[in-house]
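# A closer look at the structure
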Amino acid sequence: MANNFNIKKTQDTLLIDVSGSIDEEVTLSSDVLNGANTLIFDFKEVKGINSCGIREWIKWLSPFPKTKVVYRHCPKIIVDQINMVDGFLPATGKVESFFVPYYSDGTGEEKQVLFTLGKEYDDHGALHIPESVVDSKNEPMEIDVIESKYFRFIQKKQKAA
Amino acid sequence: MSAPKLFEFMDSFSSFDVTEYRQGKIIYSDPEKTVLHSSQWAEGQILELATRGPFNTFLNSNNRNFLEELLVALKVKSDPEGFLANPLLALYEEKPKSVNLTFSLAKEKDLILNKLEPFFAAAESATISDHMRIAFEELFMNAVYDAPQEAIKMGLEKSTKTSEIIAAYDQHKATITCIDAYGSLHIPKIIQRMRDIELSGTKNIINLGDKPGGAGIGCSLLHRYSTGITIAVKKGEATLVSCTFPLRTSYKQFCAIGKNLQFLNIPPTGGRNGK
């Protein structure tokens, strides 16, 4: 699947919508980033990722250690890489929002719930997990991640600070 | 699996040792004919044992399809050539729904991905579908980029060869299998890398060099996102990597299933080369 970057510029900020797959075809020019103080990546439409894409991503962002990087709407496959691969989220990076999968044992339904910085979690490593996620039968759904692993990046940022 | 069927298959594999792993107390005659199993493997322990040797087949007996997976492991061990020629015969008891797609160039990926989408959807779980997609991404990239590069490094053939992706599922599981005709995968290196990443993370492993190809963490992605990996390598002729996924499973259930791992080197014969 070809990856796609839709880039919008506002003053010194670049808003980059990423879609498709972050893979070996990823074509990221560092020229695009020159002069930007803030890079906001929106991952809402990302469908896949592979190890080569991860490598290219890290290499692409590494020449800009002082640029503020923001990740928005991260699906689970992106959160996994943030937690597991050093450098996937740069040291200056911040996750503004990410999706948390929920699962209903009763119906087998799945739901992606968006956690947003300042609401469901904060810069101090605290989590405020919403209580009322329900399935179509109004039965409570459970968070479908290993919490100690999935939310690691929130605590990690706090430790680093 | 029914009891009569179980007895029938255990009978046909009586020359193999199916041995429960207990720390320091493994009784076996021939590691090639031994299947180690346990319901107590700690995270990463299988990779640690695989790195240490001499065993090559590790099954989690807390896996809800343990007997089925044991049968798969024994079929693979008893007929590695047959497994390479037709992996679905070993991977499934009955004929699964399947698709067999050949490719040789990177630009063919989108087409293949489109044909695989119904197989990803068969997982009936968005999480597991994502896992299958990642496994495909990794296997495809390995076949198109890494395998030919490794073949050149090893002094094997330089020409571009055709590879296959075989996706399949039945009522219990799905599999994504990739077979390339290079046979350049170095099993000990891959197992060691999977083990190192599992125990120490990616920091000292990831390859950020300028060479094209993988970052050295692809094997870890396969391990992380599947419940079982089977690898068979016939040097210079074929590499087969097959990943297994559960169906209708939440991520927490997926994590509780436990991993299986099997790998084997098959002596070269000149069979599949040049396909």
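Residues numbered from 1 in each chain as written. Chains lettered and ligands numbered in written order. Predicted model: local features only at pLDDT ≥ 70, side-chain atom pairs only at ≥ 80, totals over all residues.

Let us now look at the pairing of strand β6 (residues 173–180) of chain B. Residue and element names in this part refer to chain B. Here β6 lies mainly inside the structure; eight of its eight residues are buried. Of the two faces of β6, the one holding Lys173, Thr175, Thr177 and Ile179 and the one holding Ala174, Ile176, Cys178 and Asp180 are both buried throughout. Of the strand pairs in this sheet, strand β5 (residues 163–169) and β6 are connected by six bridges, and their pairing is antiparallel. Within β6, the position partnered with Ile165 by the bridge is Cys178. Where β5 folds back on β6, the antiparallel hairpin that results is connected by three residues. The pairing of β6 with strand β8 (residues 238–246) spans eight bridges and is antiparallel. Looking at β8, one finds that Ile176 is bridged to Cys243. (Buried ≥ 20, exposed ≤ 12 C-beta atoms within 10 Å, placed from the backbone. Helix = DSSP H or I, 4+ residues; strand = E, 2+ residues; numbered from the N terminus. Pairing = 2+ DSSP bridges.)

Quick look at helix α8 (residues 187–200) of chain B now. All names here are of chain B. Look at α8: 20 Å from first C-alpha to last across 14 residues, which is about the 20 Å you get at 1.5 Å a residue. The elements touched by buried residues of α8 are α2 (45–52), α9 (218–225) and β9 (260–266). Once α8 ends, the next one or two residues include Gly201, with phi positive near 85 degrees. (Expected span 1.5 Å × (residues − 1). Contact = placed C-beta atoms within 7 Å.)

Here we take up the interface of chain B and chain A. If you look at the interface, chain B gives 30 residues, while chain A gives 27 residues. Among the elements of the structure, α6 (109–121), α7 (126–153), α9 and α10 (251–257) of chain B are those that each provide at least two residues to the side of chain B that touches chain A. Examining the composition of the side of chain B that touches chain A, we find that nine residues originate from one element, α7 of chain B, more than from any other. Partitioned by chemical class, the residues of the side of chain B that touches chain A number 13 nonpolar, nine polar and eight charged. (Nonpolar A, V, L, I, M, F, W, Y, C, P; charged D, E, K, R; others polar.)

The subject of this paragraph is the sheet that holds strand β6 (residues 97–103) of chain A. Residue and element names in this part refer to chain A. Here we have three strands laid out as an open sheet, ordered β7-β6-β8, and antiparallel in their pairing. Of all the strands in the sheet, the pair left with one neighbour each is β7 (110–116) and β8 (142–143). Looking at chain direction, β6 and β7 are connected through seven bridges and run antiparallel. Its bridge partner being in β7, Val100 is matched across the sheet by Val113.

All names here are of chain B. Pairing within the open sheet is mixed, and its nine strands lie in the order β1-β2-β3-β9-β7-β8-β6-β5-β4. The sheet is open, and its two edges are formed by β1 (17–20) and β4 (97–103), each paired on a single side. Averaged over all adjacent pairs, the angle separating strand axes in this sheet is 15 degrees, with direction ignored. Direction of pairing for strand β7 (residues 228–234) relative to β9: parallel, over a ladder of seven bridges. When the sheet's bridge partners are listed, Thr230 is paired in β9 with Gln262. (Axes fitted to C-alpha atoms, helices over the stretch in contact; angles between N-to-C directions.)

The biggest cluster of nonpolar side chains holds 110 residues, and the ones touching the most others in it are Met132, Ala135 and Leu139 of chain B. Not counting residues up to four positions away in its chain, the partners in contact with Leu139 of chain B are Ile165, Ile176, Cys178 and Val241 of chain B. (Core = buried A, V, L, I, M, F, W, Y, C linked by C-beta atoms within 7 Å.)

Turning our attention to the packing of α7 of chain B against α9 of chain B. All names here are of chain B. Two numbers describe how α7 lies on α9: the axes approach to 9 Å, and their chain directions differ by 150 degrees. The orientation of α7 relative to α9 falls into the category roughly antiparallel. Once α7 is placed against α9, the crossing between them reads as left-handed. Between α7, through His131, Ile134, Ala135, Glu138 and Asn142, and α9, the contact on the second element is made entirely by Gly218, Leu221, Leu222 and Tyr225. For the contact of α7 with α9, the residue count by class is five nonpolar, three polar and one charged. (Parallel < 35°, antiparallel > 145°, perpendicular 65-115°, else oblique. Left-handed = near helix turned anticlockwise from the far one by under 90°.)

Inspection of the secondary structure assignment puts Asp146 of chain B in helix α7. Along the primary structure Asp146 of chain B and Gly209 of chain B are separated by 63 residues, whereas in three dimensions their C-alpha atoms are 14 Å apart.

By the secondary structure assignment, Ser250 of chain B is in the loop between β8 and α10. Between the alpha carbons of Ser250 of chain B and Ile128 of chain B there is a distance of 7.9 Å; along the sequence they are 122 residues apart. Once you skip the residues sitting within four places of it in the chain, Ser250 of chain B turns out to touch Tyr103 and Asp144 of chain A together with Ser125 of chain B.

All names here are of chain B. Within chain B, residue pLDDT values average 89, and 92% of them lie at 70 or more. The least confident element of chain B, judged by mean pLDDT, is helix α1 (residues 3–12) at 69; the most confident is β4 at 98. Here the complex is predicted with pTM 0.91, and the ipTM for its interfaces comes to 0.90. (pLDDT = per-residue confidence, 0-100.)

On to unusual backbone geometry. Across the junction of Gly53 of chain B and Pro54 of chain B, the peptide omega takes the value 0 degrees, indicating a cis bond. Residue position: Pro54 of chain B is located in the loop between α2 and β3 (57–60). Positive phi is not limited to glycine here, since Gln11 of chain A has a value of about 50 degrees. Along the chain, the position of Gln11 of chain A falls in the loop between β1 (4–10) and β2 (13–22). When the 8 C-beta atoms within 10 Å are taken as the criterion, Gln11 of chain A is described as exposed. Unlike most non-glycine residues, Asn138 of chain A shows phi in positive territory, near 65 degrees. Within the fold, Asn138 of chain A resides in the loop between β7 and β8.

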